[in-house]
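Take a look at the letters that make up each chain.
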Amino acid sequence: CKNKTCAFQHPGKVVAEKVTETRKKVVTKTSPPIDMNFVIDASSSMRGEAISACQKAVIQIYNSMRVNDFVGVSSFTHEPPTPLSGFGFKAQVEKNGGILSTGLRHLQASGGTALWDAIGVAVDQLSDRKERYDSLWCKANHKGLRRCKLVLLTDGADQHSSCYDFEKACARVAKPGFVLSFVLIAVGVDKGTLCQLESLCSPAHAKLVQVSNVRDIGKAFHWVQEQIVKEIRTVREVVSTHTEIVN
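The residue count restarts for each chain, going from 1 along the sequence in the order it is written. Reporting of local features is limited, given that this is a predicted model, to residues whose pLDDT is at least 70; pairs of side-chain atoms are given and counted only at 80 or more, and all residues count toward the totals for whole chains, interfaces and linings. Based on all heavy atoms of the structure, the side-chain values leave hydrogens and waters out of the count.

**Considering the overall build of the chain**
Line of reasoning, step 1. Under the DSSP-based scheme used, a helix requires at least four consecutive residues in state H or I and a strand at least two consecutive residues in state E, with every element numbered from the N terminus. Per the secondary structure count, the chain includes seven helices and 10 strands.
Line of reasoning, step 2. Relative accessibility under 20% of the residue-type maximum defines a buried residue, over 50% an exposed one, and the middle range a partly exposed one, all with a 1.4 Å probe and only protein chains included. A buried classification covers 46% of the 247 residues belonging to the chain.
Line of reasoning, step 3. In what follows, residue pairs with any heavy atoms lying within 4.5 Å of each other are defined as contacts. Of all intrachain contacts in the chain linking residues separated by at least 6 positions in sequence, the fraction that spans at least 24 positions is 76%.
Line of reasoning, step 4. Only carbon and sulfur atoms are counted for the fraction: they give 52% of the accessible area of the chain, which is about 13,300 Å². In this description, accessible areas are obtained by the Shrake-Rupley approach with a 1.4 Å probe, and a residue is regarded as covered only by the protein chains that are shown.

**Quick word on helix 5 (residues 166-174)**
For the α-helix, the turn length of 3.6 residues means that residues three or four positions removed from each other point alike.
Line of reasoning, step 1. Along helix 5, the residues classified as buried are F166, A169, C170, R172 and V173. Down the axis of helix 5, the sector holding all buried residues measures 160°, keeping them to one side.
Line of reasoning, step 2. Contact partners of the buried residues in helix 5: helix 3 (115-127), strand 8 (180-187), helix 6 (191-200) and strand 9 (206-211).
Line of reasoning, step 3. Pairs of N or O atoms are called polar contacts if they sit within 3.5 Å, as long as, within protein, a hydrogen donor faces a hydrogen acceptor (for residues adjacent in sequence, only side-chain-to-side-chain pairs). Between the side-chain oxygen of the N-cap and the backbone nitrogen of E167 there are 3.3 Å, and the N-cap of helix 5 in question is D165. In this description, one arc is meant: the one made by directions from the helix axis to the C-beta atoms.

**Re the side chain of T193**
Line of reasoning, step 1. You can see T193 is positioned in helix 6.
Line of reasoning, step 2. Residues contacting T193, with those up to four places away along its chain left out, are G156 and A157.

**Comments concerning the nonpolar core**
Line of reasoning, step 1. The term nonpolar core refers to a set of buried residues drawn from Ala, Val, Leu, Ile, Met, Phe, Trp, Tyr and Cys, joined through side-chain atoms within 4.5 Å. If you look at the biggest cluster of nonpolar residues, it comprises 37 residues, and the most contacted ones within it are F38, L153, I185 and F221.
Line of reasoning, step 2. Elements supplying a minimum of two residues to this core: strand 3 (34-41), helix 1 (49-63), strand 4 (70-76), strand 7 (147-154), strand 8, strand 9 and helix 7 (217-232).
Line of reasoning, step 3. With eight residues, the top contributor of residues to this core is helix 1.
Line of reasoning, step 4. L153 has contacts with V39, I40, D41, M46, C54, F76, I185, V187, I217 and F221, leaving out every residue within four places of it along the chain.
Line of reasoning, step 5. One finds V39, L152, L197 and L208 within the second-largest nonpolar core, a separate group that totals 31 residues.

**Some words on the side chain of T77**
Line of reasoning, step 1. Along the chain, T77 falls in the loop between strand 4 and strand 5 (82-83).
Line of reasoning, step 2. Residue class for T77 comes out buried when judged on its relative accessible area of 15%.
Line of reasoning, step 3. Beyond its immediate sequence surroundings of up to four residues, T77 is in contact with A42, S43, S110, G112, T113 and A114.

**A few points about the environment of V229**
Line of reasoning, step 1. Within the secondary structure, V229 is located in helix 7.
Line of reasoning, step 2. Counting along the chain gives 165 residues from V229 to S64, while the straight-line C-alpha distance between them is 7.1 Å.

**Quick look at the packing of helix 1 against helix 7**
Line of reasoning, step 1. Contact pair helix 1 / helix 7: the axes reach a minimum separation of 9 Å and the direction vectors enclose 15°. As the angle between them shows, helix 1 and helix 7 are arranged roughly parallel. Here helix 1 runs over helix 7; the crossing is right-handed. Along its contact with helix 1, which presents A50, A53, C54, A57, Q60 and I61, the element helix 7 presents I217, F221, V224, Q225 and I228. Whenever a helix is involved, its axis is fitted only over the stretch in contact; in every case the axis is a line through C-alpha atoms, and angles between N-to-C directions fall within 0 to 180 degrees. Convention used here: angles under 35 degrees read as roughly parallel, angles over 145 as roughly antiparallel, angles from 65 to 115 as roughly perpendicular, and any remaining angle as oblique. Helix crossings are classified by the rotation of the near helix relative to the far one: an anticlockwise turn of less than a right angle makes the crossing left-handed, while a clockwise turn makes it right-handed.

**Details of the packing of helix 3 against helix 5**
Line of reasoning, step 1. Running from N to C, helix 3 and helix 5 point in directions that differ by 30°, and their axes come no closer than 9 Å. Classed by the angle they form, the pair helix 3 and helix 5 counts as roughly parallel. The handedness of the crossing between helix 3 and helix 5 comes out as left-handed. Touching W116, I119, G120, V123, D124 and S127 of helix 3 are F166, A169, R172 and V173, all from helix 5.

**Thoughts on the pattern of salt bridges**
Line of reasoning, step 1. Any carboxyl oxygen of Asp or Glu that lies within 4 Å of a side-chain nitrogen of Lys or Arg is treated as forming a salt bridge with it. Per the stated rule, a full pass over the model turns up eight salt bridges.
Line of reasoning, step 2. Between R146 and D35 there is a salt bridge whose closest N-O contact spans 2.6 Å. Highlighted residues: R146 in the loop between helix 4 (135-140) and strand 7 and D35 in strand 3, separated in sequence by 111 residues.
Line of reasoning, step 3. E231 is paired through a salt bridge with K149; the nearest N and O atoms lie 3.0 Å apart. Of this pair, E231 sits in helix 7 while K149 is found in strand 7, placing the two residues 82 residues apart along the sequence.

**Details of the packing of aromatic side chains**
Line of reasoning, step 1. Only centres within 6.5 Å qualify two rings of Phe, Tyr or Trp (six-membered ring in Trp) as a pair; their planes then separate them into stacked at under 30 degrees, edge-to-face at over 60, and tilted for everything else. Applying the stated criterion across every chain, the model contains four aromatic pairs.
Line of reasoning, step 2. Relative to F89, the ring of F70 lies with its centre 5.4 Å away and its plane at 80°, an arrangement referred to as edge-to-face. With F70 in strand 4 and F89 in strand 6 (residues 88-89), this pair connects stretches of sequence that are 19 residues apart.
Line of reasoning, step 3. On the basis of an interplanar angle of 35° and a centroid distance of 5.7 Å, the ring pair of Y133 and F178 is categorised as tilted. One end of the pair, Y133, is in the loop between helix 3 and helix 4; the other, F178, is in the loop between helix 5 and strand 8, with 45 residues separating them in the sequence.
Line of reasoning, step 4. Think of it as a cone above the ring: NZ of Lys or CZ of Arg counts as a charge over the ring if it is within 6 Å of the ring centre and within 35 degrees of the ring normal. For the cation-ring pair, K90 lies above Y62, with the distance from its terminal atom to the ring centre recorded as 4.9 Å.
Line of reasoning, step 5. A cation sits over an aromatic face here: R132 above F70, 5.2 Å from the ring centre.

Rendered as structure tokens:
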């Protein structure tokens with residue numbers, strides 16, 4: 001639209017006419033890609049409904065992610081986290097048959113729980129590709145910045161950790177060495193373990209989500225999904241520009 005602001009006249013002629021032109025355009029903003037990493041407790045106490053709920057929840061979150069997002073799923077027992085086969089960038093996962101062709105469908109529960117090892121080793125594994133989350137490194141190497149998220153679920157106290165104890169796991173979460181968003185889902189854990197997990201998740205970049213039983217696992221993951229959807233949603237803004245034209 002054009003709005004005439006003024007005309008400057010001298011006897012017999014018009015010297016200048018200033019017009020303000022307003023244009024509106026739509027600017028699209030897309031958040032940087034996400035590296036979404038799930039670490040699932042697959043100890044024997046997770047057998048049955050709990051493991052099934054985790055599988056369904058991971059599939060739902062996977063379906064809400066973009067093709068350039070990265071998805072990784074690992075499981076732990078009395079052994080450190082072991083990556084499940086078939087995961088990676090979503091575009092590649094889809095090319096290879098989708099999430100149902102990955103190791104997620106074969107996930108089974110057995111063994112004990114090495115919780116502190118699982119937390120510490122999971123952060124260690126992500127640290128191996130920490131340059132992805134460093135804005136200065138990405139800019140210098142002409143790479144797109146990515147954001148790292150780690151979601152770990154457990155239903156029990158630590159029993160078998162050998163590399164990390166509680167204090168070391170807390171320290172690893174507190175200072176991962178890269179930009180990390182950490183969510184720990186605790187399912188029906190005892191008061192002592194819950195107190196420890198609250199302390200472990202005290203840093204600003206960590207969040208503890210507590211549910212009382214396996215039937216609420218889906219609700220906990222739904223909360224995670226809501227946070228991700230908010231971040232990856234494409235934002236469209238209408239921007240007005242004003243230009244002065246002198247005729």
